[in-house]
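What follows is the residue order along each chain.
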Amino acid sequence: MHRCFVAVETVEDGSKKYFLHVPQPRIRSGDSLSPLGADLSGATDDRRPFENVYVARAEGEDDIDYDVARKINVALKQGKDVVLSPGIYHLSQSIEIANKDQVLLGIGMATLTAPPNGDPCIRVAAETEGVRIGGIMFAASKIKKGLFSPKTTAFIEFGKEGATDPGNPSNPGVLTDIFCRVGGDLDREVSTDVMVRIHQGNVIGDNLWLWRADHVELAVDEMPNFPEKNLDYHQVVMGECPGKTGLEVNGDNVVIHGLAVEHTEEDQVVWNGHDGQVYFYQCELPYDVDQNFGASNFVGFRVNGKNHQLGGAGVYCNFRDYNVLVKTGIIHPLAFDANVVINPFIVHLDNGGRIMTVVSDGFTYGGGPVYDKDHMICKYLPTRAEEEEHVSDKEEMEENTMVRQTSWGWISKKLSYIRGSRPSSPTGVADN
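From a predicted model like this one, the values you see are computed outputs, not experimental measurements.

(A) Structural context of the nonpolar core. If you look at the biggest cluster of nonpolar residues, it comprises 77 residues, and the most contacted ones within it are Ile-122, Leu-259 and Tyr-281. Per element, the largest residue contribution to this core is five residues, and it comes from helix 1 (residues 68–77). Grouped together as the second largest cluster of nonpolar side chains are eight residues, Leu-20, Phe-50, Val-53 and Leu-105 included.

Below is the structure:
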């Protein structure tokens with residue numbers, strides 16, 4: 001299915017008008033040989049005139065428009081589609097989509113900054129079929145949770161948690177070109193629990209990149225905390241830009257083409273729905289976790305539902321700060337069925353630790369291939385000597401690198417010296 005788009009067209013009187021094109025889903029039924037993929041001809045597009053489209057602006061006459069979410073919600077309640085013009089939208093409340101077939105389209109990398117109370121940027125009501133969301137960047141905020149804040153914070157809540165909502169296979173919900181970031185700019189206290197949560201069934205995703213920052217912008221006159229790695233950024237360390245999971249899927253019959261999730265602090269993806277499909281998955285585990293990540297058995301992709309197909313999934317590791325051992329990259333009930341989990345692999349990029357196996361069904365660990373820098377092995381089984389070396393390396397890495405994590409590191413180091421012990425948590429920057 002193609003993403004919605006805006007076009008200028010000549011109408012009958014010779015004038016030009018804007019139209020919102022909403023491509024229709026192309027669905028192959030049974031053993032039909034009809035083509036798959038988007039219909040790029042536009043012949044089946046639903047062409048919607050801009051008289052029924054609200055064009056939002058991030059800024060008011062003089063400054064940031066903090067009332068923009070309310071204005072968007074008024075338009076949505078009137079049944080209009082919404083196009084977000086380029087800009088950064090500071091939301092004071094959620095954008096609420098409650099009418100079937102509505103479109104929320106960003107152009108020019110429109111960015112929605114999450115409400116500071118922990119509410120999602122976008123909430124799609126239960127049993128609202130055919131909703132299209134696309135072309136939007138989502139950015140985390142510093143959350144001030146209150147009595148009525150959600151238990152789990154997210155950028156997108158597609159459907160209602162716990163509701164029975166099968167969706168409509170003939171009119172699926174669609175997420176296209178969705179980019180989420182937890183961190184990246186100066187504020188290192190921004191957070192969210194799960195970036196995208198899909199509760200509705202029969203939702204299609206195309207090109208989702210869900211990123212917890214591994215590096216952020218340097219403040220003025222701030223020195224990089226890992227100058228041997230990079231002189232242009234502050235490398236994120238434990239406790240900064242917290243985010244647990246990139247994607248949580250609870251609906252059935254959800255299909256995603258092109259998914260990337262990186263650096264979250266627990267399972268990168270949790271797929272609870274049945275009959276799910278993912279084709280192409282790229283994942284990089286967090287750099288800044290310790291062995292608690294491995295001991296908790298967190299993975300790059302976890303499937304709890306039935307009849308899930310996963311094709312072309314790669315999970316990479318680069319444990320910069322601790323020598324972490326992770327049992328497996330992917331947990332799937334049918335991990336060793338090559339017709340179900342297709343061409344999975346893991347890669348050890350650099351630094352300490354390992355992902356020890358590619359796939360597991362939760363009981364048996366194995367699979368392949370494992371790309372380990374310059375050679376390939378099918379399964380990594382540490383010897384006793386390697387395990388002892390792992391413990392030794394872990395202690396050495398803690399002592400040599402954990403002291404240099406933030407601009408307050410020199411204080412941590414001085415206090416540690418007074419206490420007579422080295423720091424137990426990552427807080428510091430290297431002294432010259």
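(B) Examining the packing of aromatic side chains more closely. Taken as a whole and assessed by the stated rule, the structure comprises eight aromatic pairs. Residues Tyr-316 and Phe-345 carry aromatic rings whose centres are separated by 6.1 Å and whose planes lie at 35° to one another, so their mutual orientation is tilted. In this pair, Tyr-316 sits in strand 22 (residues 309–317) while Phe-345 sits in strand 25 (residues 345–348), placing the two residues 29 residues apart along the sequence. Overall, Tyr-316 belongs to the buried group, its relative accessible area being 18%. Residue class for Phe-345 comes out partly exposed when judged on its relative accessible area of 24%. Linked through ring pairs, Trp-271, Tyr-281 and Phe-301 together constitute an aromatic cluster. Arg-47 extends its terminal NZ or CZ atom over the ring of Phe-19, reaching a point 4.3 Å from the ring centre.

(C) Just the layout of surface pockets, in detail. The space that makes up the second largest pocket amounts to roughly 220 Å³. Arg-123, Glu-157, Lys-160, Glu-161 and Arg-197 are the residues nearest the centre of the second largest pocket, which is lined by 13 residues in total. Its residues assigned to classes, the lining of the second largest pocket comprises five nonpolar, two polar and six charged.

(D) Expanded view of the sheet that holds strand 3 (residues 46–49). Judged by pairing direction, the sheet is antiparallel, and its three strands sit side by side in the order 1-2-3 without closing on themselves. Taken across any chain shown, the strands that pair with only one partner, and hence form the sheet edges, are strand 1 (5–10) and strand 3. If you compare each strand with its neighbour and ignore which way they point, the axes differ by 40° on average. Where strand 2 (residues 16–22) lies against strand 3, four bridges are found, and the strand directions are antiparallel. Across the sheet, Phe-19 pairs through a bridge with Pro-49, a residue of strand 3.

(E) Inspection of the environment of Asn-297 at higher detail. With respect to the helices and strands, Asn-297 occurs in the loop between helix 2 (291–295) and strand 21 (301–303). Setting aside residues no more than four positions away along its own chain, Asn-297 makes contact with Asp-267, Arg-302, Lys-327, Ile-331 and Tyr-365.

(F) Focus on the sheet that holds strand 9 (residues 122–124). Strand order in this open sheet of ten strands is 7-9-11-13-17-19-21-23-26-27, and the pairing throughout is mixed. Of all strands in the sheet, those bounded by a partner on one side alone are strand 7 (95–97) and strand 27 (365–366). Pairing of strand 26 (residues 354–360) with strand 27, which is carried by two bridges, proceeds in the antiparallel orientation. Its bridge partner lying in strand 27, Ser-360 is registered against Tyr-365.

(G) The pairing of strand 18 (residues 255–262), seen in detail. Judged by how many residues are buried, strand 18 sits mostly within the fold: seven of eight residues are covered. Pairing of strand 14 (residues 203–212) with strand 18, which is carried by seven bridges, proceeds in the parallel orientation. Bridging from a neighbouring strand, Leu-208 pairs with Leu-259 of strand 18. Inspection of the sheet shows strand 18 paired to strand 20 (residues 277–284) by seven bridges, in the parallel sense. Residue pairing across strands places Ile-256 opposite Val-278, the latter belonging to strand 20.

(H) View of helix 1. Within helix 1, the full set of buried residues consists of Val-68, Ala-69, Ile-72, Asn-73, Ala-75 and Leu-76. Projected down its long axis, helix 1 shows its buried positions confined to an angular sector of 160°, all on one face. Looking one or two places after helix 1, you find Gly-79, whose phi comes out positive at around 90°.

Parameters at a glance
- Residues numbered from 1 in each chain as written.
- Predicted model: local features only at pLDDT ≥ 70, side-chain atom pairs only at ≥ 80, totals over all residues.
- Heavy atoms only, no water.
- Core = buried A, V, L, I, M, F, W, Y, C linked by side-chain atoms within 4.5 Å.
- Buried < 20%, exposed > 50% of the residue type's maximum accessible area, 1.4 Å probe, protein only.
- Helix = DSSP H or I, 4+ residues; strand = E, 2+ residues; numbered from the N terminus.
- Phe/Tyr/Trp six-rings, centres within 6.5 Å; stacked < 30°, edge-to-face > 60°.
- Lys NZ or Arg CZ within 6 Å of the ring centre and 35° of its normal.
- 1 Å grid on protein atoms, 1.4 Å probe; cavity = no way out; pocket = protein on both sides within 12 Å on 5 of 7 lines; lining within 4 Å.
- Points joined across faces, edges and corners; volume = space filled by probe spheres on them.
- Nonpolar A, V, L, I, M, F, W, Y, C, P; charged D, E, K, R; others polar.
- Pairing = 2+ DSSP bridges.
- Axes fitted to C-alpha atoms, helices over the stretch in contact; angles between N-to-C directions.
- Contact = heavy atoms within 4.5 Å.
- Arc of directions from axis to C-beta.

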